[in-house]
Amino acid sequence: MFYIVSMQSRTNGKPEPLGEFEALVLMAVLRLGSDAYGMRIHHELETTAGRRCSLGALYTTLDRLETKGYVSSHVGEPTSERGGRAKKFFEIRATGAAALKQSYAATLRMARGIEPLLGGASW
Amino acid sequence: MVAGNIWRSRMHWMHTLGFLSWLGITAIASVLAYRYLLKEFIPTYEKVEEICLFLGARCPFKTATTKLVARAVVASLLLCASAEIASLLAGGSKSTLLFREASLIFEMTFIGGAIFVVRNLVKIVHRTSGFLDELESGRIPQESTNPPRWAKFLLLLVPRRYREHLIGDLEEEYSQIVLPEFGPRRARLWYWWQVLASLIPLVWAEAKRLAGLVVIWKSVR
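Parameters at a glance
Residues numbered from 1 in each chain as written. Chains lettered and ligands numbered in written order. Predicted model: local features only at pLDDT ≥ 70, side-chain atom pairs only at ≥ 80, totals over all residues. Heavy atoms only, no water. pLDDT = per-residue confidence, 0-100. Helix = DSSP H or I, 4+ residues; strand = E, 2+ residues; numbered from the N terminus. Expected span 1.5 Å × (residues − 1). Buried < 20%, exposed > 50% of the residue type's maximum accessible area, 1.4 Å probe, protein only. Arc of directions from axis to C-beta. Contact = heavy atoms within 4.5 Å. Buried area = accessible area lost by both parts, 1.4 Å probe. Salt bridge = Lys/Arg side-chain N within 4 Å of Asp/Glu carboxyl O. Polar contact = N/O pair within 3.5 Å; in protein donor to acceptor, adjacent residues only side chain to side chain. Nonpolar A, V, L, I, M, F, W, Y, C, P; charged D, E, K, R; others polar. Phe/Tyr/Trp six-rings, centres within 6.5 Å; stacked < 30°, edge-to-face > 60°. Axes fitted to C-alpha atoms, helices over the stretch in contact; angles between N-to-C directions. Parallel < 35°, antiparallel > 145°, perpendicular 65-115°, else oblique. Core = buried A, V, L, I, M, F, W, Y, C linked by side-chain atoms within 4.5 Å.

1. A look at the confidence of the model for chain B
Phase 1: Taken over all residues, the pLDDT of chain B has a mean of 71, while the share at 70 or more is 47%.
Phase 2: The complex model carries a pTM of 0.54, and its ipTM stands at 0.77.

Structural data, given as structure tokens:
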């Protein structure tokens, strides 16, 4: 029953709204392209967005995005610098791109006209 | 008098029937809980072997007999816990025979664990003192540029489906970015921080996923 209720809320046409951290993670995945795996996404979030987080928090977010159908993943080959462990690569899907576009557009619409209050366009 | 006896006898049977029904339901619930909820968090033979290898101790589950005994103990514990819950649900008191048996098994498990620790204590102390000697003698131990062992040990708590990729990412970032940039001491601190900060969301997310709380939460919201 709970499954049906949750699926109904999901199938009303629009993609589920993204949280702020989810949007940042999706942008990082987009920026990195085919090289988007846990460590690179984590590093990208820290260096570009200035957002510090644990790898555990990142993985739970990626897992949530995958459950929502916004990203897909595949496991790469094991490498020696990772102690023989394989990388898990992530790729954004069309639904994820649509959700990100919608979230970004909403942010832009809300920010329109209040730039002077936020200190100009440099932010 | 006779009617009273018959009534009491009938009540007794109804009570027993109620107890058995509850026992069946809770036993099934316990088995399902073990299979789908607790298995990820209960130490498996492989995990125990990894811990023993790490401590340099002898693994208690080497033979098929010891594995069978361990499995029997877990099964008995589940059954006794089910019986206890069933007796509480059926309105019985706590001093049932099964409850006493459950307590006995708990005690036996505890004593068994204590014996295992005492038997391997010498090896554990020896290993720790060897490491301390290395530190005192001023030699830089080999591990200093490696990720902290105890933090890696804690990573065994990470749910299995995340573990391999998470450990790989941690090791790669540690050795390629953090260690060259900040040096061994701060890199080790960083590793510790990452492990501790990662455990909470991962274990919590896994628990929520397993319990179906995400779906319930969304439907309630």
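2. Some remarks on helix 5 (residues 94–111) of chain A
All names here are of chain A.
Phase 1: With 18 residues, helix 5 should cover 26 Å at 1.5 Å per step; its first-to-last C-alpha distance of 26 Å lies within 8% of that length.
Phase 2: Residues Gly96, Ala99, Leu100 and Ala111 constitute the buried set of helix 5. One side of helix 5 holds all its buried residues, which, seen down the axis, span an arc of 105 degrees. Projecting away from the buried face of helix 5 at angles above 90 degrees are the exposed residues Ala94, Lys101 and Arg109.
Phase 3: Contacts made by the buried residues of helix 5 are with helix 2 (20–32) and strand 2 (85–92).
Phase 4: Just downstream of helix 5 lies glycine 113, where phi reads positive at about 95 degrees.

3. Quick word on the interface of chain A and chain B
Phase 1: Facing the 27 residues of chain A at the interface are 26 residues of chain B.
Phase 2: The contact between chain A and chain B buries some 2,300 Å² in all, and 59% of this surface belongs to carbon and sulfur atoms.
Phase 3: Our count for the chain A to chain B interface comes out at four salt bridges.
Phase 4: Where chain A meets chain B, there are 14 residue pairs in polar contact (both at pLDDT 80 or more).
Phase 5: The leading source of residues in the side of chain A that touches chain B is helix 4 (residues 55–68) of chain A, at six residues.
Phase 6: Looking at the side of chain A that touches chain B residue by residue, the class counts come to eleven nonpolar, eight polar and eight charged.

4. Comments concerning the pattern of salt bridges
Phase 1: Within the structure shown, the criterion is met by ten salt bridges over all chains.
Phase 2: In this structure, the salt-bridge partner of A:Glu44 is A:Arg31, at a minimum N-O distance of 2.8 Å. Separated by 13 residues along the polypeptide, A:Glu44 in helix 3 (residues 38–47) and A:Arg31 in helix 2 bring together distant segments of the chain.
Phase 3: Overall, A:Glu44 belongs to the buried group, its relative accessible area being 14%.
Phase 4: Since its relative accessible area comes to 58%, A:Arg31 is described here as exposed.
Phase 5: With a shortest N-O distance of 2.7 Å, B:Asp169 and A:Arg82 are connected by a salt bridge. Taken together, the residues B:Asp169 in helix 6 (residues 160–211) and A:Arg82 in the loop between strand 1 (71–79) and strand 2 connect one chain to another. Comparing B:Asp169 with A:Arg82 shows no difference in burial state: the two are buried.

5. Focus on the packing of aromatic side chains
Phase 1: Under the criterion given, the structure shown has three aromatic pairs over all chains.
Phase 2: On the numbers, 5.5 Å between centres and 85 degrees between planes, the contact of B:Tyr174 with B:Tyr191 is edge-to-face.

6. Describing the packing of helix 3 of chain A against helix 6 of chain B
Phase 1: Packing of helix 3 of chain A against helix 6 of chain B brings their axes to within 9 Å, and their N-to-C directions diverge by 60 degrees. Accordingly, the angle class assigned to the pair helix 3 of chain A and helix 6 of chain B is oblique. Across the interface between the two elements, A:Gly38, A:Met39, A:His42 and A:His43 from helix 3 of chain A touch B:Asp169, B:Glu172, B:Glu173, B:Gln176, B:Ile177, B:Trp190 and B:Gln194 from helix 6 of chain B.
Phase 2: Taken together, the residues of the contact of helix 3 of chain A with helix 6 of chain B break down into three nonpolar, five polar and three charged.

7. As for the nonpolar core
Phase 1: Of all hydrophobic cores here, the largest spans 38 residues; its most connected members are A:Leu18, A:Val25, A:Ile41, A:Leu45, A:Leu58, B:Leu155 and B:Tyr191.
Phase 2: Elements represented by at least two residues in this core include exactly helix 2, helix 3, helix 4 and helix 5 of chain A together with helix 6 of chain B.
Phase 3: By residue number, the principal contributor to this core is helix 6 of chain B, which donates 13 residues.
Phase 4: Setting aside chain neighbours within four positions, we find A:Val25 in contact with A:Ile41, A:Leu45, A:Leu58, A:Thr61, A:Leu62 and A:Leu65.

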